[in-house]
Amino acid sequence: MTASLSLSQARRIALAAQGLAKVRPAGPVTPRAVGRTFARIQLVQIDSVNVLARSHYLPFFSRLGNYDPAILHSMAGRKPRKMMEYWAHEASYIRPEHFPDLLLWQKRAWVGAHHMEPAVRIAMEERILAALEAGPPMTASALTVQLGHTQDTESANWGWNWNTVKRVLEHLFEEGRVSAASRTPQFERLYTLTSRVLPGSVHSGMDADTALDRLMDAAALAHGIGTVRCFADYFRTPLKAGEASVQRLLQAGRLERVSVRGWDRETYRHIDARLPRKAEGRALLSPFDSLVFERRRLEELFGFHYRIEIYTPADKRRFGYYVLPFLLREGIVARVDLKADRAAGQLLVRSAFGEPGAPPDTAVELSAELWLMAEWLGLQEVVVWPVGDLAVSLSEAVAGGPTGRRGPDGQSSPLTGEPDNVAILSPVD
C-alpha cells in the first residue's frame, strides 16, 4: 500500500535529509563534522557572488554554525580529496565518487570550444595538456602567458571575456580531462590534469543506466522525499531518463511510493529517509542551498515562493539583491537581504520581511542567527535597515546584542542604523 503522509511529515523528512531538522551541536566544528555534512547533502553549488560569503561556504554554516572555511579548502585541495569541482546542479563541489557517473550525464554545449575549428581546438588541447603535465596547476590567465597566446576574447558565454585558452580549458574540464586542483584567493580555478586530482581511471566503462541510478539514488537520499523532477534536478540529469531510473530504484527497493495530502504528483520517499518527531533547526539559507534548488518543491513543502533577484533591476526588486530564506523549526518564516560590509565590520540587514503566519519569536531567533553569522564572518556589528515589515521588531531584538537581550558589558547595544548612515557599495563589489 502507498503510505499517506501529512504535509508536516513531508517537511520533517525533507529537513532531516538535508541535516536541517536538529539543533546544531555545541562545541567546535570538526573536519569530520563538515565531511559528514557534505556526505549528506552530496554537493554544494558554486557561485562567484561574494556580497555576503561565497555560496558554497554558506550551506555548512547553515547546518553547523561557526566553522572554519579552511576545512573546505583542505577537502577540495589536498589528497585524498573529499570534494572536487564538476558540473552538477550548475558548477558544484561534488563527492569524487559521483564524478565518473556525471561524466556520462553532464553535457554542456555552451562553453565555446564546440564551435571552434576542430584543428584549432585540438592543437590548443595538446599544448594545454602538455603544459599541465610538465608544470604545476595554473589559472587560465597564467596558461595564456605560459603558452604565449594572444588575448583574443569572445563574450558569447554569458558576457564572459573568454579567450581560446579559457574556452578549450572549459571544454577539457567538461570532458573530464582536466580538473580544478584548487582556487586562488581571487576565486580563479587552478587547472591540472584530472589524474592528479582523482588518481586512477575515471572512465570505467560503466553502464549509463547504472550510473544514473546511483545519481538518482543519491539525490533521493539528499531530498528524503520528492518527485522525479526533484531528484533529476539535484544533479541536473535528464528528466525522461530519470523517470526510468526511478522505476528501477522502486523495483530495487531503494524508493517507495508515498502520497502527501494536498499534492497531486507522483511522490517518492527514499527507503533510508528518517521522519523525526519534530524539527528544531534554525538556519539562514543561501540562495543556492540544496533545500531551495527546486522552487516548485519549496513552495509545495513550505508555502514559500522564492526567486533570486540578483539579475533583476534594482527598482524592480521585491525583497532585495541577496535574499536569504530564514528557516525556523518546521517552516521558512522570513527572508532577509544581507551584505557583509567588511570595511566597516558590519553585517547589513538591508531588508527583513516576515512570512504570513510567522511565529512570535521570529525576530528574536533571527537576531540570534544574524549575530552568529556576524561572528562567523568576523564582523562586529549587525545593522538593520528600516525596510520590510519585520525590520522594527528585528532591530529591537538585534539591539540586545549576541545574547538577544544585553551586550557583553551588560548594557543595551544600539547597533541599528539608517541606510544613509552606512556606505552603500555596488552589488557587484
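Cut-offs used in this document
- Residues numbered from 1 in each chain as written.
- Predicted model: local features only at pLDDT ≥ 70, side-chain atom pairs only at ≥ 80, totals over all residues.
- Heavy atoms only, no water.
- 1 Å grid on protein atoms, 1.4 Å probe; cavity = no way out; pocket = protein on both sides within 12 Å on 5 of 7 lines; lining within 4 Å.
- Points joined across faces, edges and corners; volume = space filled by probe spheres on them.
- Nonpolar A, V, L, I, M, F, W, Y, C, P; charged D, E, K, R; others polar.
- Core = buried A, V, L, I, M, F, W, Y, C linked by side-chain atoms within 4.5 Å.
- Buried < 20%, exposed > 50% of the residue type's maximum accessible area, 1.4 Å probe, protein only.
- Helix = DSSP H or I, 4+ residues; strand = E, 2+ residues; numbered from the N terminus.
- Contact = heavy atoms within 4.5 Å.
- Phe/Tyr/Trp six-rings, centres within 6.5 Å; stacked < 30°, edge-to-face > 60°.
- Expected span 1.5 Å × (residues − 1).
- Polar contact = N/O pair within 3.5 Å; in protein donor to acceptor, adjacent residues only side chain to side chain.
- Pairing = 2+ DSSP bridges.
- Axes fitted to C-alpha atoms, helices over the stretch in contact; angles between N-to-C directions.
- Salt bridge = Lys/Arg side-chain N within 4 Å of Asp/Glu carboxyl O.

### Considering empty space enclosed by the protein
And then number 1: Tallied over the entire structure, the rule returns one cavity of 30 Å³ or more.
And then number 2: Forming the walls of the largest cavity are P287, Y306, R307, I308, E309, I310, G320, Y321, Y322 and V323.
And then number 3: Broken down by class, the residue content of the lining of the largest cavity amounts to seven nonpolar, one polar and two charged.

### Focus: the nonpolar core
And then number 1: L52, I128, Y322, L338 and M373 are the most contacted members of the largest nonpolar core, which totals 104 residues.
And then number 2: In terms of residue count, the dominant contributor to this core is helix α10 (residues 208–223) (eight residues).
And then number 3: Apart from the residues lying within four places of it in its own chain, the contact partners of L52 are L58, Y322, L324, L338, K339, A340, R342, L347, M373 and L377.
And then number 4: Counting residues in each nonpolar core, the second largest holds 28 residues, with W263, A279, L327 and F353 among its members.

### Comments concerning the packing of aromatic side chains
And then number 1: What the rule picks out here adds up to ten aromatic pairs.
And then number 2: Geometrically, the ring pair formed by F60 and Y67 is tilted, given 6.1 Å between the ring centres and 55 degrees between the ring planes. For the pair shown, F60 and Y67 are each scored as buried.
And then number 3: Seen in terms of ring centroids, Y86 and F173 are 5.7 Å apart; in terms of plane orientation they differ by 40 degrees. Their pairing is tilted. On the criterion of sequence distance, the pair formed by Y86 in strand β3 (residues 84–88) and F173 in helix α8 (residues 164–175) is long-range, its members being 87 residues apart.

### Quick notes on the layout of surface pockets
And then number 1: Its boundaries defined by the atoms lining it, the second largest pocket holds a volume of some 410 Å³.
And then number 2: What lines the second largest pocket is a set of 20 residues, among which P25, T37, R40, R63 and L64 lie closest to the centre.
And then number 3: Those elements giving two or more residues to the lining of the second largest pocket turn out to be α2 (31–41) and α3 (58–64).
And then number 4: Residue contributions to the lining of the second largest pocket peak at four residues, all from α2.

### Focus on α8
And then number 1: Across its twelve residues, α8 extends 16 Å between first and last C-alpha, which sits within 8% of the 16 Å expected from 1.5 Å per residue.
And then number 2: The element α8 is extensively covered by neighbouring structure, given that eleven of its twelve residues are classed as buried.
And then number 3: Within α8, burial applies to T164, V165, K166, R167, V168, L169, E170, H171, L172, F173 and E174.
And then number 4: Capping of α8 at its N-terminal end is provided by N163; its side-chain oxygen lies 3.2 Å from the backbone amide nitrogen of V165.
And then number 5: G176 occupies a position one or two residues after α8 and carries a positive phi of about 85 degrees.

### Observations concerning the sheet that holds strand β2 (residues 43–45)
And then number 1: The sheet built from three strands is open, its strands ordered β2-β4-β3 with antiparallel pairing. Of all the strands in the sheet, just β2 and β3 have a single pairing partner and so form its edges. Neighbour-to-neighbour, the strand axes of the sheet open up by a mean angle of 40 degrees, direction not taken into account.
And then number 2: Alignment of β2 against strand β4 (residues 90–94), held across three bridges, turns out to be antiparallel. Opposite V44, over in β4, you have Y93 as the bridge partner.

### Let's talk about the pattern of salt bridges
And then number 1: In total, this model carries 28 salt bridges according to the counting rule given.
And then number 2: We note a salt bridge from E97 to R95, for which the minimum N-O separation is 2.7 Å.
And then number 3: On the basis of relative accessible area, R95 is assigned to the partly exposed category, the value being 21%.
And then number 4: The closest approach of N and O atoms between D209 and R248, which form a salt bridge, is 3.8 Å. Placement of D209 in helix α10 and of R248 in helix α12 (residues 239–251) is noted, with a sequence separation of 39 residues between them.
And then number 5: In the salt-bridge network here, residues are joined through shared partners; they are E85, K166, E170, R183 and R189.

### A few points about the environment of L58
And then number 1: Tracing the sequence through the fold places L58 in helix α3.
And then number 2: When its relative accessible area of 1% is taken as the criterion, L58 is described as buried.
And then number 3: Considering only alpha carbons, one finds L58 and L284, 226 residues apart in sequence, at a separation of 8.5 Å.
And then number 4: In this structure L58 touches L52, A53, S286, Y322, M373 and W376, once residues within four positions along its chain are discounted.

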